[in-house]
Each structure stands twice: as C-alpha cells, then as structure tokens.
Amino acid sequence: MIYGDHTTGIIVQGATGNQGAFHINLMNQYAKETGGRGVVAGVTPGKGGQKVHGVPVYNSVREAMAENDASTSVLFVPGFAAGDSIMEAASAGIELITAITEGIPVHDTMRALAFARMEGCTVIGPNCPGTLSPGELKLGIMPPHLAMPGNVGIISRSGTLTYEVINELTRAGIGQSTVVGIGGDPVIGQTFTDVLERFEADAQTKAVVLIGEVGGNLEEEGATSTDLPLVTYIAGISAPPEKRMGHAGAIIEGGEGDAVSKIARLRKLGIPVAGKPSDIPALVRELL
Amino acid sequence: MKLLEFEAKEIFRNNGIPIPEGVVIKSPDELRRHLNGFTDEVVVKSQVDVGGRGKAGGIIVTQKADAVEAARHLFSFPIKGLIPKAILVEEKLPIDHEYYVSISIDRTTRQPMILFAETGGVDIEETARTGGPEALRRVGFSPLLSEVPGFLMRQILGTAPKELGPVINNLYKAFCASDALLAEINPLVTTSRGVFAADAKLIIDDNALIRQGITANRDLTPREREAEENGFSYVELEGSIGVIGNGAGLTMSTLDLIQHYDGKAANFLDVGGGAGRERVMKAVRLVAGMPDVKVIVVNLLGGITRCDEVAKGIIDAGIDQHVITRLAGTNEEEGKALLAKNGYQMLDTMEDVVKQAVKEAAA
C-alpha cells in the first residue's frame, strides 16, 4: 500500500468518455469486493450534474473536491487535453494523479510534470495501467483477479506483461504488495527509483520485481538506488534499433537503451535477471 | 517522425535562425532557372533521411557551372539504399568556425537538455568520447521556462562567441513550437556575415503529428501505415513467425521468447487493449499478408479482452496459415470451444505457443 489503501477516495478525470465510464464501473466493483471507497466523483468540463454508474460528475476538479473527500485522481482524458488536466488536478490540491492516457505529446507531459512537482503533486504515468494493492486499492485499469495479497512489489513499464508476471507469481503462490505500472512513455512521473523509495518505506514489501524494456536507462538507475532484494526482467532483447516497439519510450536510439547492455549492467550489479517471464517466480523465491 | 534537412530549415528560419540562401529542386533541370541567384561555389545536398550523408558522398561542393551535373548525379545516387526525391542547393558559406548544438529531452531529469560542443561538423559521439566532459557541455533547465536563462547560456557558451546565444535560444523556441524530440544544428557556423545553421535536423514527436499539421508519418512502410490506421502498433521484421499480442511489453516478450527458442519473428503487432472481433480479424489478415509468414502466434492477455470475440476474429480472418492462440481473459472457455470446433489450436501458456510455432516454422 504505497499509494493509498481502502480508505482512499478517487476522482476520475475524463469520467464521461468510454474508457472513463467503463473503468469507473470496474474500479467500483473492486472497491465493493474489498470494502474500499472507490470512485467518489468524476470530472468532465461541461458535463457537470450528470452521473456515470451512479457517480456524480463535476465540471472541475476543484468543485469535485469541495463536495467529496478525495485526494487522488485517475486520468482518462484524451491526449491533447491530458497535460492540462494534470495541471488542473495538481493545482486543485490532488496529491496523486494516475495518468492512464496514451498518446500525450511529450512536451505537454514534460510541462505538466514540472508544474505538478511545483504543486507538490505526485504523478504516475502517463501511458500506464495504474496501480493495484491487492485487496486494498485499485487505481486504473489492471485486472485485479489475477493478483493476490502478499509481500512482493512489482514495478513495470508495461501493462499486459505485468499481468503476465502477476499471473505467474500468483500461480506459484507468491502474493503481491503493490503492483505499479509506471508507463511506457519516454517522460514519466514516477520512475523505478521513485517507486523503490516508497517500497523501502513499506513494511509489507520484502522483495521487488522490476520489469523493464528497451529505451533509456531508468532500470539501471533504479537498480542502483535501492538495497531491496530485486529480480529484473527486460523485454526487447530481439528488438531492432531505431524502431519504436509499441510504447513511445521503447526505442533503442543512438546505440543506447538496448536490452543486452541493460541486462549486462544489471548482472554486473549482482541483480538476477530472468531470461523469460516464467523464470521470475523461482528467482523471487530465492530472495524470500 | 524525422524531417528532411530542407523541411527542418524552413522551421528554423520561421523561428529566426539564419540559414544559407538556397533552393529545393525536384529535378536537375529545375536548377537552371535558379542559378543566377548564386555566386561562384554552391553546395548540392541530397535530401535523404540517413546519418553520415556527407561521408557517403551525398553532399557535393562545386562551381556554379557544374551544379546541374552534380544534382543529376545525386538524383540517381542511392545513400544507404535511399534515392532522394528532392535536392537542396545552397550558397557556400565563408566559414570561420563550426560548432555543434542540439536540444533533446532527457528522460532522467524530464527536462529539455542542450548539448553544445566547440567543435562541430563531425561525429558528436566521437567528440564526447575523445574530448572529455568539457568538449561536450550539457545543460538542462525547467520546461516551464520560455527561453534559456542567461546564466545557463553563459555556461553553455563558455568562450564561444556571444552571437551564438540568440540562435540557440531560437533553436529552443523551434524545438518547443514544433513538438520536437530532437532539434540539432551540426554544424552551427560563424562567418564574416554572421551565424548560420549550415545543417538542420528535427525529429517530431509522433504523438503530436496531428497538432503539427502532419497527416501521414513518412517513417512507416505501407504495411506499417495500414497498421497505424487500424490503431495497431506494428513493426516489420524478417522472420517467418507472425506475432499478434496485446500490450507493447507482452508482445515484445513474445518476440524475445521466439528468439530464445531459436525462431525468427516476422513482425511485432500490438492490437491494443480490449480488442474485439473486427480488430482481431484485421490484425490476423495484416500479418498473414506478409509473404514469408508460415505460422501466426496470437498471445492475448487482459481483463477486458473477451476471448470469444478474439476467437471469432481469428475464424473470420479465414487465412491459410496456421494460427496458434494463447488467450486469457473473460469468456475463455467459450473462446476455446469456438476455436476447437473450427480446428484451431489453443495452448495455455505463451511458452507452449511459442515452442509450437518455432517447431512449425522450422518444418
């Protein structure tokens, strides 16, 4: 529970769109099963007064916060408007924004993140599936039923690959404390380093699985920043250079950020690197 | 998307960066009517999007009288397999000194970062390697600033001429205005007539192309473009195992697993979240349309993907190649039953699917 628990109240920005409405419903189903508060309000400018799956919609985050007890928002606002919405939530006093949106221009992300930081607001994403603390809190779109509570944290740049790893761990009887999708964009709010810092302060988490991919060097940066026992997996060992592999940030550029050298650097730090996702549970078990 | 030199220079000029006098031509003969505008020597530059163009012979410095011949040569001269559609002909500048400057986005600090070197015109990685940290200066600053602060500009320039400052500032404006991932001038030159961007490189953020008025991403192959229009992320590779997955990471991991078991993937295709019947059908047909594909792996995992829909999409596609599927999600049993009834194979783990596909591709 590094980003909240069952008492956390959630605001959804972009509540009346297809994605927003669909996931308000799923987040509230999970809240019902786990005794959480779930989504208490939605925001879509110009759609104030409507209801989505019984959740009241407001014109602004400020109005939603005035009438509801909520400290975190989950963002489904489309790409070109999402940067503005991040700044709106940060300015209104939201403490944690989970930006699900894919396709935000990176200049918008950069400015919105700098603005949010000035307001003391934490941003997860963008282009991420959000976080899941099994049995406690779901912020975003992760399918919760593959997961089970436990003491292994997961941090990942990917969505479905994370579900694959959750699935493998659960099948092996290894539960998860919190699963964090940090996003597939080149510029993201919470990095591996930031999330690891929270896991260090979390009594529940005993080991962390770090799921990285080609592009940048945030994996190595994170791995050197912590004393927590780690298992890593890097996707994209077969990825060709200069090609964007689905994620905006998954690209080997100027000979940097390829999987082979990432894996070599992680191994040099003495960190186990799984050759394939199904090898992860056995490596985790050795650490526990 | 990468812009060509002349396109980048147009944007630079609009942002107040001096560029050499020049013309863009689509055929060698077109150059004849422009030659009067030049004095003596000209630089004839092939407009292809590859690095090391100069070394490969794509830039010719010549007397005005021979410029048409030089252009004729370059129009049929392939550089790394690419033939130019346009050629840029420019005045030859009386260069005093060459510098390097670029602005990119630093993932670690989440900020714009300026790189500056007092020796430009050459391979900048080489300068970084041989010249030490002082040879390539790096300065980052808040993206909330609309221009480069003076104290940082002094840090960037060191003993280099102050006139470079306004050009670097304008480069930052061009970088922001064009949603660039990279804006580079190499070389940035000083002359008796002032400072000029002798070359220009701009890479535009694919997520901002619409906002920049760019409708089609030229970096893509026709099949990649078709995939993009359908909302897929798609990359062509060279093997014989077609791959369809959902999510970039899982799809990449499927490709890696194919390599792990000594197979070769034909492509990367991420269908995106919550793919239904129609999207799956289109994806399967797209991959099946690649000439070398012998067998197709479908690896879909997700809470919102409905397996019965996926199964229907695979069956609708009705392709010749064998499709091996691994599905996990809602209505898994219905999906399995549908596929089994129609003679399609379904396995429980991505490893089993990949092993089977590698075996069939090798057969």
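Cut-offs used in this document
Residues numbered from 1 in each chain as written. Chains lettered and ligands numbered in written order. Predicted model: local features only at pLDDT ≥ 70, side-chain atom pairs only at ≥ 80, totals over all residues. Heavy atoms only, no water. Helix = DSSP H or I, 4+ residues; strand = E, 2+ residues; numbered from the N terminus. Rg over C-alpha atoms; globule rule 2.2 N^0.38 Å. Contact = heavy atoms within 4.5 Å. Areas by Shrake-Rupley, 256 points an atom, 1.4 Å probe, with all protein chains shown as cover. Lys, Arg positive; Asp, Glu negative; His and termini not counted. Charge placed at Lys NZ, Arg CZ, Asp CG, Glu CD. Buried < 20%, exposed > 50% of the residue type's maximum accessible area, 1.4 Å probe, protein only. Pairing = 2+ DSSP bridges. Axes fitted to C-alpha atoms, helices over the stretch in contact; angles between N-to-C directions. UniProt positions renumbered as here; feature names shortened; annotations may be inferred. Polar contact = N/O pair within 3.5 Å; in protein donor to acceptor, adjacent residues only side chain to side chain. Core = buried A, V, L, I, M, F, W, Y, C linked by side-chain atoms within 4.5 Å. Buried area = accessible area lost by both parts, 1.4 Å probe. Salt bridge = Lys/Arg side-chain N within 4 Å of Asp/Glu carboxyl O. Right-handed = clockwise from strand over helix to strand, strands pointing away. Domains from an automatic or database assignment. Nonpolar A, V, L, I, M, F, W, Y, C, P; charged D, E, K, R; others polar.

J.: In this structure, what is going on with the overall build of chain B? I would like to understand it.
T.: Of the regular secondary structure elements, chain B holds 11 helices and 16 strands. For chain B, the C-alpha radius of gyration of 26 Å lies well beyond 21 Å, the compact-globule estimate for 363 residues. Projected onto the principal axes, the alpha-carbon positions of chain B cover approximately 80 × 50 × 40 Å. By sequence separation, contacts in chain B at least 24 residues apart represent 66% of the contacts at least 6 residues apart. Only carbon and sulfur atoms are counted for the fraction: they give 50% of the accessible area of chain B, which is about 15,800 Å². Both charge centroids of chain B, one from 41 positive and one from 51 negative side chains, sit 1 Å from each other.

J.: Help me understand the overall build of chain A, please; the structure alone is not making it clear to me.
T.: Along chain A, the regular secondary structure elements total 9 helices and 13 strands. Taken over the C-alpha trace, chain A has a radius of gyration of 18 Å; the compact-globule value for 288 residues is 19 Å, and the two agree within 12%. C-alpha extents for chain A along the principal axes are approximately 55 × 40 × 30 Å. A buried classification covers 62% of the 288 residues belonging to chain A.

J.: So what exactly am I meant to see when it comes to the sheet that holds strand 4 (residues 87-91) of chain B here?
T.: In a beta sheet, neighbouring strands pair by backbone hydrogen bonds and run either parallel or antiparallel. All names here are of chain B. Across the sheet, which stays open at both edges, the 4 strands sit in the order 1-4-2-3 with antiparallel pairing between neighbours. Two strands in the sheet have a free side with no partner beyond their single neighbour: strand 1 (22-25) and strand 3 (59-63). On average, adjacent strands in this sheet sit at an angle of 20° to one another, irrespective of strand direction. With 5 bridges joining them, strand 2 (residues 41-46) and strand 3 adopt antiparallel strand pairing. If you follow K45 over to strand 3, its bridge partner there is I59.

J.: For this particular structure, what's the right way to read the UniProt feature "binding site: CoA" (unreviewed entry) in chain A?
T.: Residues and elements named next belong to chain A. What UniProt calls "binding site: CoA" (unreviewed entry) maps, in this numbering, to T16, G17, N18, Q19, K47, I100, T101 and E102. In summary, the annotated positions, distributed over 87 residues, remain apart in three dimensions as well, the widest C-alpha pair reaching 22.6 Å. Here T101 lies in the loop between strand 6 (96-99) and helix 4 (106-118). Setting aside its immediate chain neighbours within four residues, T101 contacts L75, F76, V77, P78, G79, A82, P126 and N127. In terms of polar contacts, T101 uses its side chain to reach the backbone carbonyl oxygen of V77, at 2.6 Å. Structurally, E102 can be placed in the loop between strand 6 and helix 4. Since its relative accessible area comes to 54%, E102 is described here as exposed. Leaving out residues up to four positions away in the same chain, E102 has contacts with N127 and G246.

J.: Teacher, can you tell me more about the nonpolar core here?
T.: Across soluble globular proteins, nonpolar side chains have a tendency to be buried as a group. Core analysis: the biggest nonpolar cluster contains 89 residues, and V12, L169, V209 and I280 of chain A have the highest contact counts within it. Aside from chain neighbours lying at most four places away, what touches V12 of chain A is G20, I24, M27, V39, A41, G42, V43, V74 and F76 of chain A. Core analysis: the next-biggest nonpolar cluster, separate from the first, contains 68 residues, A70, I86 and A99 of chain A together with A197 of chain B among them.

J.: How should I be thinking about the interface of chain B and chain A in this particular structure?
T.: Interface size is commonly expressed as the accessible surface area that is lost when the partners come together. Listed as interface residues are 45 residues of chain B and, on the opposing side, 59 residues of chain A. In terms of surface lost to chain A, no three residues of chain B exceed R107, R110 and N207 of chain B, which account for 21% of the buried area on that side. Taken together, the links from chain B to chain A amount to 6 salt bridges. One salt bridge in this structure joins R211 of chain B and D108 of chain A, with 2.9 Å as the shortest N-O distance. Linking chain B with chain A are 16 residue pairs in polar contact (both at pLDDT 80 or more), by the criterion used here. Contributing elements (two or more residues each) for the side of chain B that touches chain A: strand 6 (111-117), helix 5 (164-177), strand 8 (180-191), strand 11 (233-236), helix 7 (248-260), strand 14 (295-306) and helix 11 (350-362) of chain B. The greatest single-element share of the side of chain B that touches chain A, amounting to 10 residues, is contributed by helix 7 of chain B.

J.: What is the right way to read the sheet that holds strand 11 (residues 176-181) of chain A from this model?
T.: Residues and elements named next belong to chain A. Spatially, the 6 strands line up as an open sheet ordered 9-8-11-10-12-13, and their pairing is mixed. Edge positions in the open sheet fall to strand 9 (137-140) and strand 13 (230-235), since each of these has one partner strand only. Geometrically, the sheet is characterised by an average inter-axis angle of 15° between neighbouring strands, direction not taken into account. As defined by bridge partners, strand 12 (residues 207-213) adjoins strand 13 across 6 bridges and the pair is classed as parallel. The residue of strand 13 that forms the bridge with G212 is I234. Sitting on the sheet, helix 5 (residues 160-171) touches strand 10 (149-156), strand 11, strand 12 and strand 13, and the angle it makes with strand 10 is about 155°. Where helix 8 (residues 259-268) meets the sheet, its contacts fall on strand 12 and strand 13, and the angle it forms with strand 13 comes to roughly 170°.

J.: Teacher, can you tell me more about the pairing of strand 13 of chain A here?
T.: In regular strands, side chains alternate between the two faces of the sheet. Residue and element names in this part refer to chain A. Most of strand 13 is tucked away, with 6 of its 6 residues classed as buried. Burial along strand 13 is two-sided: L230, T232 and I234 and V231, Y233 and A235, pointing in opposite directions, are all buried. Crossover handedness for the path strand 12 to helix 7 (residues 218-224) to strand 13: right-handed.

J.: Whenever I open this one, the UniProt feature "active site" (unreviewed entry) in chain A confuses me. Can you help?
T.: Here, the residues flagged by UniProt with the feature "active site" (unreviewed entry) are H247 of chain A. Using a relative accessible area of 8% as the deciding quantity, one classes H247 of chain A as buried. The residues contacting H247 of chain A, other than those within four sequence positions of it, are N127, R157, S158, G184 and E213 of chain A together with A248 and G249 of chain B. Among the polar contacts made by the side chain of H247 of chain A, one reaches the side chain of E213 of chain A at a distance of 2.7 Å.

J.: How should the domain arrangement of chain A be read in this particular structure?
T.: All names here are of chain A. Split into domains, chain A comes out as domain 1 (10-124) and domain 2 (147-287). Domain 1 and domain 2 are separated by 26 Å when their C-alpha centres are compared. If you look at the interface, domain 1 gives 9 residues, while domain 2 gives 11 residues. Together, the buried faces of domain 1 and domain 2 total about 680 Å²; carbon and sulfur atoms form 64% of this surface. For the pair domain 1 and domain 2, the number of links is 0 salt bridges. Contributing elements (two or more residues each) for the side of domain 1 that touches domain 2: helix 4 and strand 7 (122-124). No other element matches the 4 residues that helix 4 contributes to the side of domain 1 that touches domain 2. Across the side of domain 1 that touches domain 2, the residue classes break down as 6 nonpolar, 2 polar and 1 charged.

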